[in-house]
Amino acid sequence: MTAAFQEIALLLAAAAGIGALGLWLRQPLILAYIVVGILAGPMALGWITMRDPLDLLAQIGVAVLLFTVGLKLDLHLVRRLGAVALATGLGQLAFTILFGFLLGLALGMDWLKALYIAIALTFSSTIIIVKLLSDKRELDSLHGRIAVGFLIVQDIAVVIAMMAMSSLGMGGADAGLVPTLGMIALKLALAGGLLGVAMRHVLPRLLDRVARSQELMLLFAIAWGVALASLGEALGFSKEVEAFLAGFSLASSPYREAMSSRLTPVRDFLLLFFFLDLGARLEFQSFDGQIGAALMLSAFVLIGNPLIVMAIMGYMGYRKRTGFLAGLTVAQISEFSIVFVAMGVTLGHVGGDALGLVTLVGLLTISVCTYMVLNGQALYERLQPWLGVFERGVPYREGTATSGSGMAPDVILFGLGRYGGRLLRRLRDQGVATLGVDFDPEAVRRARQRGLSVHFGDAEDAELPATLPLGETRWVVSTLPEVDINRALIAALREHRYAGRVAVAAHGEDDARRLKQSGADLVFHPYSDAADYAAETIQSHLQGATP
C-alpha cells in the first residue's frame, strides 16, 4: 500500500508541475495531464507499476462527472431538447458509420475491419467534452446542452453495441441476435422503471432528511452516483450512462444547485486520474505503418463529424453558429472507441493493427479537438462566410425567441443569473422598458414565466446585435463575469453602429481598466458595491440605535 501511495504522490506532483507549465504556455490542462500519463506510463519512465488504484480513482472521477451532468438537466429541458439530441445523435452515428466504412474500404481494409473502424469513429468522448464545456462555462448554453444530449445518445448506443457483442461472444450467438437484443431492451426497461419509482417515492423524502447536513448531502450525492454506476455495470450497462441517470434522478430536486457546487472541486480532482490513466494506457509500439491511415481517418473525424452535425441541426432549424459549436464536440473519438475495437480483437474479428490505428486516431483527434472547442468562437468568426449553407433562411428554433410587451427597450440587459435576473426585475418594477438576453434556455424560460421581456442569445455571437432592437436603446448593460466576452460584446455593438452607452460588470480593478479601454462607459463592481451598501446599512442602523 505504501508503494501505491508513493506512486499517487509522484503523479500528483508531476501533474501539478506540468500543469503549471502548460498554464504558463496557455495550453489546455487536459493535454498536460495526458502527457503526464504518457511519460509516467510503461512506454516511457515506467513510474506506474500498480494500475488498480489509478484505475479505481479514474472510474470514480468519471462517475462523479457524469452524475453532475445529469444533475444539471431536468424534465422540462429533456422535453424541449430531447428530439434534437436524439435526431442529431442517431443521424451522426448513421452517416459516420456509412462514410467511415467507405473510407476504410478505400484504404484497403477488409469489410469487417472497415466496419469496426467506422463504428469506432462515431463515438465521441463525453467525459472530455463535458470537462471542456464546463471549463468554458458553456454547459448551460444551448449548443452545450444539445451536445451533451447527443453525446449521451452516443454513449447509450455504444453500450448497446458492446452488450450485444459481449453476449454474442460469450455464446449468445447460439440464441440469435434478436433474443439478445430483446434481453438488452428488457434490462433497460427494468432499470428505467426502478429509477422512476425511486424518483417519485423514495428520493424526495430521503433528500429532505439528508439535506439537514451539508457534509452528509455531499456524501450522499457521491454515494448515489457511484452506487447506481456500480449497479448498472453489474447489470451489463455502462457506468457512465448509469451515473448520468443517477444525477438526472435528482435534477428536479431543490437541492441540486447545492450538490452541484460542492461536487465541482471533487469532480475536477478525481478527473485528473482519468486523464493520467488515459495517457498511461496508450501503446505506441502498434503505430508502425499506421501514420498515413491515421491521418486520413483523423481528418475525417475532425472535419466530417462536425459537418454532419451542422447539416442535421441546420435542417432542424438551428442557426449556423449553434450547429458549428455543437459540431465541434464530435471532432474526436472516445475511450469507448478503443475499448470497442479491443473487444473485437478479443473476439478474433480484427487484429491488433486495428487497435493501434484507432488508438493513434484517438490521440490525434483528442489533441486537436481540445484546441478547436476551446477556441470555437474564434474558429467560427473565421469560417462564418462559408457556413451559410448550414442554416435555413429562417432558423425558426432560435429566430423568434423574444417575448414581452413588444415596446422598444430603453435598456438591453445581458445575463439573467442571480445578479442580472434581480436587476431585470427591479428595472421592470421601476417602469424602465428592459429587454433581457441570456444563452441559457432555462433562464429564458423562467424569465418568460415571470412576464419579463427576454431574448435568447449568446453575447459571444458577433451576429447577435443585428437581431436586437438597438435603434432606440439608450443603455446596453452586461452582468456577465467574463472580461473577454464583455470586450467582444462592446466591439460587436460598435460594429453594428450602436450609438448608446454601455455598462458592464467587473470583478477586479484590472478587469475594470481593460473594459474601460475597450469602450465601456460605466463599470459596475457587484461585490464591492454590495459590500459598500451593506456597510452603509449597518452603519445607519447602528447610528439609529445610538442613545
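Rules behind the numbers
Residues numbered from 1 in each chain as written. Predicted model: local features only at pLDDT ≥ 70, side-chain atom pairs only at ≥ 80, totals over all residues. Heavy atoms only, no water. Helix = DSSP H or I, 4+ residues; strand = E, 2+ residues; numbered from the N terminus. Buried < 20%, exposed > 50% of the residue type's maximum accessible area, 1.4 Å probe, protein only. Contact = heavy atoms within 4.5 Å. Areas by Shrake-Rupley, 256 points an atom, 1.4 Å probe, with all protein chains shown as cover. Right-handed = clockwise from strand over helix to strand, strands pointing away. Arc of directions from axis to C-beta. Pairing = 2+ DSSP bridges. Axes fitted to C-alpha atoms, helices over the stretch in contact; angles between N-to-C directions. Phe/Tyr/Trp six-rings, centres within 6.5 Å; stacked < 30°, edge-to-face > 60°. Expected span 1.5 Å × (residues − 1). Salt bridge = Lys/Arg side-chain N within 4 Å of Asp/Glu carboxyl O. Core = buried A, V, L, I, M, F, W, Y, C linked by side-chain atoms within 4.5 Å. Parallel < 35°, antiparallel > 145°, perpendicular 65-115°, else oblique. Left-handed = near helix turned anticlockwise from the far one by under 90°. Nonpolar A, V, L, I, M, F, W, Y, C, P; charged D, E, K, R; others polar. pLDDT = per-residue confidence, 0-100.

**Q** Could you clarify how one ought to interpret the overall build of the chain in this entry?
**A** When helices and strands are counted, the chain shows 22 helices and 6 strands. Taken across its 547 residues, the chain has 50% of its residues classed as buried. Pairs at least 24 residues apart make up 75% of the contacts formed inside the chain by residues separated by at least 6 positions. As displayed, the chain has an accessible area near 25800 Å², and 63% of this comes from carbon and sulfur atoms.

**Q** What is the right way to read the pairing of strand 2 (residues 434–438) from this model?
**A** Two faces make up the sheet, and in a regular strand the side chains alternate between them. With 5 of 5 residues buried, strand 2 lies mostly within the body of the structure. Taking every second residue as pointing to the same face, both faces of strand 2 are buried, with Thr 434, Gly 436 and Asp 438 on one and Leu 435 and Val 437 on the other. Taken together, strand 2, helix 19 (residues 441–449) and strand 3 (residues 454–456) form a β-α-β motif whose crossover is right-handed.

**Q** What exactly am I supposed to notice about helix 16 (residues 376–383) here?
**A** Side chains three or four residues apart in an α-helix point the same way, a direct result of the helix having 3.6 residues per turn. For helix 16, the full list of buried residues reads Gly 376, Gln 377 and Tyr 380. Buried residues of helix 16, seen end-on, are gathered within an arc of 95 degrees and therefore sit on one face of the element. Buried residues along helix 16 sit against helix 13 (320–327) and helix 15 (352–374).

**Q** Help me understand the sheet that holds strand 2 in this model?
**A** Strands in a sheet are paired, the pairing made by backbone hydrogen bonds, and the direction either parallel or antiparallel. With parallel pairing, the 6 strands of this open sheet are ordered in space as 3-2-1-4-5-6. What marks the edges here is a single partner per strand, and that holds for strand 3 and strand 6 (522–524). In this sheet, adjacent strand axes meet at a mean angle of 20 degrees when their direction is disregarded. Bridge count for strand 1 (residues 411–414) against strand 4 (residues 475–478) is 4 bridges, and the pairing is parallel. Its bridge partner lying in strand 4, Val 411 is registered against Trp 475. Against the sheet, helix 18 (residues 418–429) makes contact with strand 1, strand 2, strand 3, strand 4 and strand 6, and its axis sits at roughly 160 degrees relative to strand 1, the strand it touches most. Sheet strands touched by helix 19: strand 2 and strand 3. Its angle to strand 3, the strand with the most contacts, is close to 160 degrees.

**Q** Explanation requested: the packing of aromatic side chains in the structure shown.
**A** Pairs of aromatic rings are described using the distance from one ring centre to the other and the angle between the two planes. Throughout the structure, instances matching the rule amount to 4 aromatic pairs. Seen from their ring centres, Phe 95 and Phe 99 are 6.4 Å apart, and the 10 degrees between their planes marks the pair as stacked. You can see Phe 95 and its partner Phe 99 sitting in helix 4 (residues 75–106), 4 residues apart, about one turn around the helix. Assessed through its relative accessible area of 40%, Phe 95 is described here as partly exposed. With 6.3 Å between their ring centres and 10 degrees between their planes, Phe 220 and Trp 224 make a pair best called stacked. Placement of both Phe 220 and Trp 224 in helix 9 (residues 214–234) is noted, with a separation of 4 residues, approximately one turn of the helix. Like Phe 220, the residue Trp 224 is buried in the burial classification.

**Q** Explain helix 18 here, please?
**A** With 12 residues, helix 18 ought to run about 16 Å at 1.5 Å a step, and its terminal C-alpha atoms sit 17 Å apart, in line with that. Along helix 18, the positions that sit buried rather than exposed are Gly 420, Gly 421, Leu 424 and Leu 427. Seen end-on, helix 18 carries its buried residues on one side only, within an arc spanning 130 degrees. Residues of helix 18 that are exposed and point over 90 degrees away from its buried face: Arg 418 and Asp 429. A positive phi of about 85 degrees marks Gly 431, the residue just after helix 18.

**Q** How should I be thinking about the pattern of salt bridges in this particular structure?
**A** A side chain with one charge may pair with a side chain of the opposite charge, provided their charged atoms come close. Across all of its chains, the model carries 4 salt bridges by this definition. The partner of Asp 484 in a salt bridge is Arg 514, with the nearest N and O atoms 3.0 Å apart. Of the two residues, Asp 484 sits in helix 20 (residues 483–495) while Arg 514 sits in helix 21 (residues 509–518), which places them 30 residues apart along the sequence. Here Arg 494 ties to Asp 521 by a salt bridge, and the two come within 3.5 Å at their closest N and O atoms. Within this pair, whereas Arg 494 is found in helix 20, its partner Asp 521 is found in the loop between helix 21 and strand 6, the two being separated by 27 residues in sequence. Asp 521 sits in the partly exposed class, given a relative accessible area of 30%.

**Q** Is there a simple way to think about the nonpolar core in this case?
**A** If you look at soluble globular proteins, the nonpolar side chains tend to sit buried side by side. Within the largest apolar cluster, 78 residues are counted, with the highest numbers of intra-cluster contacts made by Leu 66, Phe 150, Phe 274 and Phe 275. What Phe 150 contacts, discounting residues up to four positions off in sequence, is Ala 85, Thr 88, Gly 89, Val 309, Ala 326, Thr 329 and Val 330. Within the second largest apolar cluster, 26 residues are counted, among which are Ile 117, Ala 120, Phe 336 and Val 361.

**Q** Is there a simple way to explain the packing of helix 3 (residues 51–71) against helix 11 (residues 256–281) in this structure?
**A** Helix-helix packing is described using two parameters, namely the angle between the two axes and the distance between the axes. At a closest axis distance of 7 Å, the pairing of helix 3 and helix 11 adopts a crossing angle of 140 degrees. Considered as vectors, helix 3 and helix 11 are oriented oblique to each other. As for how helix 3 packs across helix 11, the hand of that crossing is left-handed. Each residue belonging to the contact of helix 3 with helix 11 can be placed in one class, and the counts come to 17 nonpolar, 3 polar and 6 charged.

**Q** When you look at the confidence of the model for the chain in this model, what are you seeing that I'm missing?
**A** Close reading of the predicted structure is inappropriate where its pLDDT is low. On average, residues of the chain carry a pLDDT of 79, and 86% of them reach 70 or more. No element of the chain has a lower mean pLDDT than helix 17 (residues 396–399), which averages 64, and none a higher one than strand 1, which averages 90. Every residue in residues 400–405 scores below 50 in pLDDT, and together they form 14 contacts with partners more than four places removed in sequence or on other chains.

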